[in-house]
Each structure stands twice: as C-alpha cells, then as structure tokens.
Amino acid sequence: MLTVNIRATIGGALLLMSVVVSASATQSLSVPSEHPNSQRISVQTEGSGTDVILIPGLASSREVWAELASTLRRSHRIHLVELAGFASTPAISNPEGKVIAPAVDAIADYIHTQHIKAPVIIGHSLGGEIALMLGARHPDLVGRLMIVDALPFYTLMIDPAATTKTAARHATATRDWLLGQSPEQIKESQNTSIARLAKTEAVRPALVAAGIHSDRKTVADTVYELMITDLRPELGRIRAPIEVVYAYDALFGVPAASVDAMYRKAYASASDIHFTRIDDSFHFVMLDQPERFSSEVESFLNQ
C-alpha cells in the first residue's frame, strides 16, 4: 500500500505535469535548422560574477527562476535556459523526436563557446535530468550540480522495479495519450494537475500559461525520452559534487522517511552527493518555499 501511495502522489507528478504542459490547443510552429543544436535552447544572461546555469522543467518557462535570479544576479552571472518548444521558445523541426540528449549537447556547446569555466548547474525536474546527463557525459565542463525534485530514472515513480525495457511500454502509451487528447479534455484537467504540483495558488496561472504555450509534440517526445532514460548507471561518471533538493508535504500521504529512502536508493551509485529535503512544498519547491530554497542555493554556492 505504501508503494501504491507513493506512485499515486509523488510519482504521479510526472504524469500530472504531462497533462498540464500538453494543453496547447494548436501546435507551435517549428523552426527548421541546419544546425539543430544551436536552436535547441535559448539563454538569457543576467548579472556578473561566477557562472550559474538554471534549467527549468518540462514545458516550464525560465520565469520559474525569477525570484532566485533576482538574488543571484547580484553576485553571479546567471544563464537562464529555456528549451525549444517550451513556453515562449519556438519549437524546432525534430523528426527524430529526441529532445533531452540534444539539449544536453546544446548546453555543453554553449558552455564551451562562451568560455564558461566550471559553472554551477541547477536543474528542476526535467532540468535536473538534463543536469545529471550533462555532468555524466561532459564531466570536464561542470563545477557543481544541484538537482531539484528529480530522479535519475523517472519511471521508478510509476514502477519501482522498472527497467528501460519495461519503461518503453509505459512511455509509448503516455506519448500516444498526450498526442490524442483534445484541447477540451486537457484544459479540464489543467487546474487539478497544477494544484498537485504547486501548493501556492498564486503561482499556478503562470505555470498553466507556460504549458499552454508549449508545443504538444515536443512535450510528448520529451516525456517519452524521459521515461525510457535511466541515468543510474551513469552517475558514477559524474565528478562534480551533487546536491539533491527535494520536496515533501504531509499531503503526500506517506512518511517523510519513505521519501528520503526513495531518493537515496535512486542515487546510490553517485559518489559525491548530499540530500536536502524541503518540507511544506509540492513539486515546484522554488515557488512554494522560495526563501528556504534560495537559502539552500546560497549555501550550496558558498561551499
């Protein structure tokens, strides 16, 4: 029963987010590119000082970092990433359907071409998956990683015994379901979904709007790729220190210790890792507990 509850509450976050962010009534226009990686991401830069790259989650806008950015830019140069096809960044032609791995390569190219030395990478949800992949596949390019409410294999939240092979069936069904939803069906579930992802009512409209403006195919392709990607075997390649920040709320319906154990088990193969739980928060911890989250980020940057 405990496992069922975890899947229905914490683990449901991925599928709930999928419902929300695929709510566009029409597809976004795709922008073709001869050099796809160059348009996989858009980046806004603010402030000066040591470099911090902020990566939002599935169909999220870079604006989820607005409050944190207002503090960090006083003493850091921050790079606010947004993936093509999410929120206000136009989708690109993507016949192969890959989103995550090319975005990782695009961020690696950005770090290299901008001559950024050992930046701190902070990623939320899908952005956390991207940060882990970046650290594992481009270990010389990153200084430190903060992973916010994300696991190295998301399908564990649906099936704790999942493998990449068994995940493919769930991933295909989820992608097809997302693409098959009518605008009316999706809009009906938006508010309910966001209410389970963000505890703070005031932040919910912006999250819904980011989903509405996201490209449905890009979102569906991303969900598929996310669900079949298991980064646990790659965690040992990461040489940068990892800080995992995750949310907990009594409304999850499970003991905090069970959530703690889930995260520690998922990251067991990482060598240099530390965990911080932030209570009274749902998935969007930077929005539900902004002061506590900013404090944790500052402490992490000052280590």
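Please refer to the structure higher up on the page.
What counts, and where the lines are drawn
- Residues numbered from 1 in each chain as written.
- Predicted model: local features only at pLDDT ≥ 70, side-chain atom pairs only at ≥ 80, totals over all residues.
- Heavy atoms only, no water.
- Salt bridge = Lys/Arg side-chain N within 4 Å of Asp/Glu carboxyl O.
- Helix = DSSP H or I, 4+ residues; strand = E, 2+ residues; numbered from the N terminus.
- Buried < 20%, exposed > 50% of the residue type's maximum accessible area, 1.4 Å probe, protein only.
- Pairing = 2+ DSSP bridges.
- Right-handed = clockwise from strand over helix to strand, strands pointing away.
- Lys, Arg positive; Asp, Glu negative; His and termini not counted.
- Polar contact = N/O pair within 3.5 Å; in protein donor to acceptor, adjacent residues only side chain to side chain.
- Contact = heavy atoms within 4.5 Å.
- Axes fitted to C-alpha atoms, helices over the stretch in contact; angles between N-to-C directions.
- Parallel < 35°, antiparallel > 145°, perpendicular 65-115°, else oblique.
- Nonpolar A, V, L, I, M, F, W, Y, C, P; charged D, E, K, R; others polar.
- Left-handed = near helix turned anticlockwise from the far one by under 90°.
- Phe/Tyr/Trp six-rings, centres within 6.5 Å; stacked < 30°, edge-to-face > 60°.
- Lys NZ or Arg CZ within 6 Å of the ring centre and 35° of its normal.
- Core = buried A, V, L, I, M, F, W, Y, C linked by side-chain atoms within 4.5 Å.

**Q** What should I look at first to understand the pattern of salt bridges in this one?
**A** Between side chains of opposite charge, a pair can form as their charged atoms come close. Throughout the structure, instances matching the rule amount to 12 salt bridges. Glu 296 is the salt-bridge partner of Arg 292, the closest N and O atoms lying 3.2 Å from each other. Of the two residues, Arg 292 and Glu 296 are both situated in helix H12 (residues 290-301); the distance of four residues between them amounts to about one turn of the helix. Take Arg 292: its relative accessible area is 35%, and that puts it in the partly exposed class.

**Q** I tried to follow the pairing of strand S3 (residues 50-55) on my own but got confused; where do I start?
**A** Remark: a regular strand shows side chains that alternate across the two faces of the sheet. When you tally the buried positions in S3, you get five out of six residues, the bulk of the element. Inspection of the sheet shows S3 paired to strand S4 (residues 76-83) by five bridges, in the parallel sense. Bridge pairing links Val 52 to Ile 78 in S4. With helix H3 (residues 66-72) bridging S3 and its parallel neighbour S4, the resulting β-α-β unit is right-handed.

**Q** Just checking my understanding: could you explain the side chain of Arg 204 for this structure?
**A** Inspection of the secondary structure assignment puts Arg 204 in helix H8 (residues 204-212). Buried charge without a salt bridge: Arg 204, with Glu 201 as the nearest opposite-charge side chain at an N-O distance of 4.5 Å. One polar contact links the side chain of Arg 204 to the main-chain carbonyl oxygen of Lys 199, over a distance of 3.2 Å. Ignoring any residue separated from it by four or fewer positions in sequence, one finds Arg 204 in contact with Ile 194, Ala 195, Ala 198 and Lys 199.

**Q** Teacher, can you tell me more about the packing of helix H4 (residues 100-113) against helix H9 (residues 216-228) here?
**A** Contact geometry of H4 with H9 gives a least axis separation of 9 Å together with a crossing angle of 90 degrees. On the basis of their axis angle, the class for H4 and H9 is roughly perpendicular. Here Ile 100, Ala 101 and Pro 102 of H4 come into contact with H9, specifically with Thr 222, Glu 225 and Leu 226. Here the residues of the contact of H4 with H9 sort into four nonpolar, one polar and one charged.

**Q** It is not clear to me how the side chain of Ser 214 should be interpreted in this structure. Could you clarify?
**A** Examined against the element boundaries, Ser 214 turns out to sit in the loop between H8 and H9. Reaching out from Ser 214, the side chain makes a polar contact with the backbone oxygen of Ala 210 at a distance of 2.8 Å.

**Q** Would you mind showing me how to read the packing of helix H6 (residues 164-180) against H9 here?
**A** Packed helix pairs are specified by the crossing angle of their axes together with the interaxial distance, meaning the distance between the axes. Between H6 and H9, whose axes approach to 8 Å, the crossing angle comes to 165 degrees. The angle between H6 and H9 falls in the class roughly antiparallel. As H6 runs across H9, the sense of the crossing is right-handed. Note on element contacts: H9 touches H6 through Arg 216, Lys 217, Ala 220, Asp 221, Val 223, Tyr 224, Met 227 and Ile 228, opposite Thr 164, Ala 167, Ala 168, His 170, Ala 171, Thr 172, Thr 174, Arg 175, Leu 178 and Leu 179. Class assignment for the residues of the contact of H6 with H9 results in 10 nonpolar, four polar and four charged.

**Q** Can you walk me through the packing of aromatic side chains in this structure?
**A** In this description, a pair of aromatic rings is defined by centroid distance and the angle of the planes. Applying the stated criterion across every chain yields a total of five aromatic pairs. With centroids separated by 6.1 Å and ring planes inclined at 70 degrees, the aromatic side chains of Tyr 267 and Phe 275 adopt a geometry described as edge-to-face. Among the aromatic side chains, those forming a connected cluster through ring pairs are Tyr 248, Phe 252 and Phe 282. Between Arg 144 and the ring centre of Phe 300, over which it is positioned, the NZ or CZ distance is 5.1 Å. Positioned over the ring face of Tyr 224 is Arg 175, at 4.1 Å from the centre of the ring.

**Q** What am I meant to see in the nonpolar core here?
**A** A general feature of soluble globular proteins is that nonpolar side chains tend to end up buried together. Ranked by size, the top nonpolar core spans 64 residues in total, and within it Leu 83, Ile 121, Ile 130, Leu 145, Ile 147, Tyr 263 and Tyr 267 carry the most contacts. Among the elements that line this core, the one with the most residues is H4, at eight residues. For Tyr 263, the residues in contact, after removing those within four places along its chain, are Asp 149, Ala 150, Leu 151, Val 244, Tyr 246 and Phe 275. Ranked by size, the runner-up nonpolar core spans 30 residues in total, among them Leu 72, Leu 80, Ile 194 and Met 286.

**Q** Can you help me understand the sheet that holds S4 in this one?
**A** The strands making up a sheet are joined through hydrogen bonds of the backbone, oriented either antiparallel or parallel. Read across the sheet, seven strands follow the order S2-S4-S3-S6-S7-S8-S9 without closing on themselves; strand pairing throughout is mixed. Edge positions in the sheet fall to strand S2 (41-46) and strand S9 (273-279), since each has one partner strand and no second. Within this sheet the neighbouring strands show an average axis-to-axis angle of 20 degrees, counted without direction. Across five bridges, the pairing between strand S6 (residues 120-124) and strand S7 (residues 144-148) is parallel. Across the sheet, Ile 121 pairs through a bridge with Leu 145, a residue of S7. With respect to the sheet, helix H10 (residues 256-266) is in contact with strand S8 (242-248) and S9, its orientation differing from that of S8 by roughly 150 degrees.

**Q** Which parts of the structure should I look at to understand unusual backbone geometry?
**A** The phi angle at Ala 59 is positive, at roughly 55 degrees, despite the residue not being glycine. As for its position among the elements, Ala 59 is in the loop between S3 and H3. One non-glycine residue, Ser 125, adopts positive backbone phi at about 60 degrees. Here Ser 125 is to be found in the loop between S6 and helix H5 (126-137). The buried category is assigned to Ser 125, whose relative accessible area is 8%.

Any functional reading would require information that these geometric values do not contain.
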